[in-house]
Amino acid sequence: MRQGRIWLFGEVAASSVGLALASAGPAFAHAGDAGFVLLLPTGYYLAGGALAVALSFAILAAVPPGPLARLAEWRGKFFSVPIEWRLVLSWLSFAGFVALLLAGWWGSRDPLSNPLPLVFWTILWGALAIVEGLVGDFWFWINPWYGPYRLLAAALGRFGAEDRDRPLPGGLAYWPAAVLFLAFAWLELVYPAPEDPDRLAAVLLAYYLANLVAALAFGYSAWMRQGECLSAFFLMISRLAVLSGRKQDGARDRPIDVALPGARLASAEALPPSGIVFLLLALSSVSFDGLSRTFAWLGLVGINPLDFPGRSAVVGVNTAGLVGMAGALCGAFLLAVWLGQLLSGSAVSFRRAAGTLAWSIIPISLAYHIAHNLTEILVNAQYALAAVSDPLAKGWDLFGTAGMYVHAGITAGYDSAWAIWNTQAAVIIAGHVLAVLVAHVIAWRLYGTARKAVLSQIPLALLMVFYTVFGLWLLASPTGA
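Procedures and definitions
- Residues numbered from 1 in each chain as written.
- Predicted model: local features only at pLDDT ≥ 70, side-chain atom pairs only at ≥ 80, totals over all residues.
- Heavy atoms only, no water.
- Helix = DSSP H or I, 4+ residues; strand = E, 2+ residues; numbered from the N terminus.
- Buried < 20%, exposed > 50% of the residue type's maximum accessible area, 1.4 Å probe, protein only.
- Contact = heavy atoms within 4.5 Å.
- Areas by Shrake-Rupley, 256 points an atom, 1.4 Å probe, with all protein chains shown as cover.
- Phe/Tyr/Trp six-rings, centres within 6.5 Å; stacked < 30°, edge-to-face > 60°.
- Lys NZ or Arg CZ within 6 Å of the ring centre and 35° of its normal.
- Pairing = 2+ DSSP bridges.
- Axes fitted to C-alpha atoms, helices over the stretch in contact; angles between N-to-C directions.
- Parallel < 35°, antiparallel > 145°, perpendicular 65-115°, else oblique.
- Nonpolar A, V, L, I, M, F, W, Y, C, P; charged D, E, K, R; others polar.
- Salt bridge = Lys/Arg side-chain N within 4 Å of Asp/Glu carboxyl O.
- Arc of directions from axis to C-beta.
- Core = buried A, V, L, I, M, F, W, Y, C linked by side-chain atoms within 4.5 Å.
- pLDDT = per-residue confidence, 0-100.
- Left-handed = near helix turned anticlockwise from the far one by under 90°.
- Patch = residues over 30% accessible without salt bridge, like charges linked within 9 Å, V, L, I, M, F, W, Y side chains within 5 Å.

**Focus on the overall build of the protein chain**
Line of reasoning, step 1. Helix and strand content of the protein chain: 18 helices and three strands.
Line of reasoning, step 2. The 481 residues of the protein chain split such that 55% are buried.
Line of reasoning, step 3. Long-range contacts, defined as pairs at least 24 residues apart, comprise 81% of the intrachain contacts of the protein chain with a sequence gap of at least 6.
Line of reasoning, step 4. Put simply, the protein chain shows about 19600 Å² of open surface, and 70% of that area lies on carbon and sulfur atoms.

Set out below in structure tokens:
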């Protein structure tokens, strides 16, 4: 969403061990139409963030990886959920999806009054992704494709096909999800009118029907795991969460286990090349969203940042930038893994090393998602609560929230901005530190010795330090789009 940007400046101090940020910095919504200017230098907190990540790697290098690996293997039984709830919740989710489509076509033309763009961009993509990464795979239970798929599969005599645990045929792997995610990112970040309710409803209906047909053709589990980009992304980042459901064939309940954050990433199987591209595309798209609105980028492409002419003027260069950043990040990651292989002298194949170490990117991806969408969620979730009570702009008040006062200035003011910016910065640093920890455990399991694991991680740790600085710079940079 493109509302609610704040203008702010402040002085920041950082400690080398924890980045103790001491005063205000900029906090702004996911995107907006007004620019702001940061007046004071940002070198202190950039250096502090980089040092925090570097020190975490240095400390881990001195810690025996065996105990860390045993901690990553710990699992605790939490509770069980009746599997029947999956079908019920899916149909409810599908009904909500249909209602949102109708609101998109027949409701208000204002994106801040129509529930479709608010729920899709803010609640589904913004907030639910955070729940998936921190808590667990809630999408498994509410996926709106599951119920209709079961009905159609039964009608076609293919009941039970959704439980087949097999990859997509013909070496497709994650390539369908990668292509669809690139299209999704282009719609969000480049297309001139991603929040237009009527257009968004048409795109989502076509997307839903295409993926339903694909699920019938390839099997529900296979397509949702590697084909449909939102389901694939949610499933991947849910490996970072503390809760996870264990599949038991024929069981009436699904056991939910608890683990340490990121523990499941350390034991995940190696991703194919398409899976690596998919993960890095998810990270690079969020980074490009921040970069594309900075004075630096706009100046590079010849746009006056204080008089932004609109998205239609930068469709071509932003499309190239989106693809270029994904390619640059993929190249940097693969180079870091290759250099790590050389330093460690390991006989482990490059493909296996890259496929397993790619899982360590997930904490960074989620951290950027949280920091980048935090202020948008705080503001636009309020608009969403008001809009769902009057979805067709008929003066209804279905849930008693239609007349609620939206505190659009919740992110404004010294205290709010100080808290929000420090939260964003802390989340980015914490994500990189956790990524270093996960990569360390993966490398030890991959190479077998602590020495080889540490040597192999030096280039990747340097890349993470650079990306920490880059992420903090994006948060603090003046923007004009």
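**Quick look at the packing of aromatic side chains**
Line of reasoning, step 1. Inspection of the entire model under this criterion finds 27 aromatic pairs.
Line of reasoning, step 2. Plain terms: the ring middles of F140 and W141 are 5.1 Å apart, the flat faces sit at 85 degrees to each other, and that makes the pair edge-to-face.
Line of reasoning, step 3. Using a relative accessible area of 16% as the deciding quantity, one classes F140 as buried.
Line of reasoning, step 4. Chaining the aromatic ring pairs together yields one cluster made of F120, W121, W125, W139, Y174, F181, F184, F233, F234 and F278.
Line of reasoning, step 5. If you follow R239 out to its NZ or CZ, it ends over the ring of W359, 4.9 Å from the centre.

**Observations concerning the sheet that holds strand β2 (residues 243-245)**
Line of reasoning, step 1. With antiparallel pairing, the three strands of this open sheet are ordered in space as β1-β3-β2. Among the strands making up the open sheet, the edge pair consists of β1 (76-82) and β2. On average, each strand axis in the sheet is inclined to that of its neighbour by 30 degrees, with strand direction left out of account.
Line of reasoning, step 2. With six bridges joining them, β1 and strand β3 (residues 253-258) adopt antiparallel strand pairing.

**Section: the packing of helix α7 (residues 175-189) against helix α10 (residues 229-237)**
Line of reasoning, step 1. At a minimum axis distance of 8 Å, the contact between α7 and α10 shows a crossing angle of 105 degrees. Comparing the axis directions of α7 and α10 gives the class roughly perpendicular. In this structure, α7 contributes A177, L180, F181 and F184 to the contact, and α10 contributes C229, L230 and A232.
Line of reasoning, step 2. Classifying every residue of the contact of α7 with α10 gives seven nonpolar, no polar and no charged.

**Digging into the pattern of salt bridges**
Line of reasoning, step 1. Enumeration over the complete set of coordinates arrives at three salt bridges.
Line of reasoning, step 2. With a closest N to O distance of 3.1 Å, E73 and R445 form a salt bridge. Placement of the pair is E73 in helix α2 (residues 65-73) and R445 in helix α17 (residues 414-447), with a sequence separation of 372 residues.
Line of reasoning, step 3. Between R252 and E84 there is a salt bridge, and its shortest N-O distance comes to 3.3 Å. With a gap of 168 residues between them, R252 in the loop between β2 and β3 and E84 in helix α3 (residues 84-106) connect regions that are remote in the sequence.
Line of reasoning, step 4. Its relative accessible area of 62% is what places R252 among the exposed residues.
Line of reasoning, step 5. Since its relative accessible area comes to 37%, E84 is described here as partly exposed.

**Overview of the environment of V63**
Line of reasoning, step 1. Note on placement: V63 falls in the loop between α1 (43-62) and α2.
Line of reasoning, step 2. Sequence separation between V63 and A450 is 387 residues; the distance between their C-alpha atoms is 9.0 Å.
Line of reasoning, step 3. When near neighbours in sequence (up to four residues on either side) are disregarded, V63 contacts L68 and H440.

**Digging into the side chain of Q457**
Line of reasoning, step 1. Among the secondary structure elements, Q457 is positioned in helix α18 (residues 450-476).
Line of reasoning, step 2. Q457 has contacts with F57, L357, A439, H440 and A443, leaving out every residue within four places of it along the chain.

**Things to note about α2**
Line of reasoning, step 1. Burial in α2 covers these residues: P65, G66, L68, A69 and A72. All buried residues of α2 project into a common sector of 160 degrees when viewed along the axis, lining one side.

**Some remarks on the pairing of β3**
Line of reasoning, step 1. Extensive coverage of β3 is indicated by the burial of five of its six residues.
Line of reasoning, step 2. As judged from the three bridges shared by β2 and β3, these two strands associate in the antiparallel manner. Paired with L243 across the two strands is V258, which belongs to β3.

**A look at the nonpolar core**
Line of reasoning, step 1. Core analysis: the biggest nonpolar cluster contains 131 residues, and F234, F278 and F333 have the highest contact counts within it.
Line of reasoning, step 2. Those residues in contact with F333, other than ones at most four positions away along the chain, are I276, L280, A354, L357, A358, I361, L460 and L463.

**As for the confidence of the model for the protein chain**
Line of reasoning, step 1. For the protein chain, the mean per-residue pLDDT works out to 85, and 88% of the residues sit at or above 70.
Line of reasoning, step 2. Averaged pLDDT values for the elements of the protein chain fall to 74 in α1 and rise to 97 in α7.
Line of reasoning, step 3. Of the regions scoring below 50 in pLDDT, residues 1-40 engages in 140 contacts with residues more than four places distant in sequence or in other chains.

**Observations regarding the packing of helix α14 (residues 315-344) against α18**
Line of reasoning, step 1. At a minimum axis distance of 6 Å, the contact between α14 and α18 shows a crossing angle of 155 degrees. Between α14 and α18, the crossing angle belongs to the class labelled roughly antiparallel. As for the relative orientation of α14 and α18, their crossing is right-handed in sense. Between α14 and α18, the contacting residues are M325, L329, A332, F333, A336, L339, G340, L343 and S344 on the first element and K452, L455, S456, I458, P459, L460, L463, Y467 and F470 on the second.

**Focus: the environment of G262**
Line of reasoning, step 1. Here G262 shows up in the loop between β3 and α11 (263-266).
Line of reasoning, step 2. Here the alpha-carbon distance between G262 and I362, two residues 100 residues apart in the chain, equals 8.7 Å.

**Quick look at a nonpolar patch on the surface**
Line of reasoning, step 1. On the surface, L334, L335, W338, L339, L342 and F350 cluster together to form a nonpolar patch covering roughly 540 Å² of accessible area.
Line of reasoning, step 2. Checked against the element boundaries, F350 lands in helix α15 (residues 350-357).
Line of reasoning, step 3. Exposure remark for F350: the relative accessible area of 34% places this residue in the partly exposed category.

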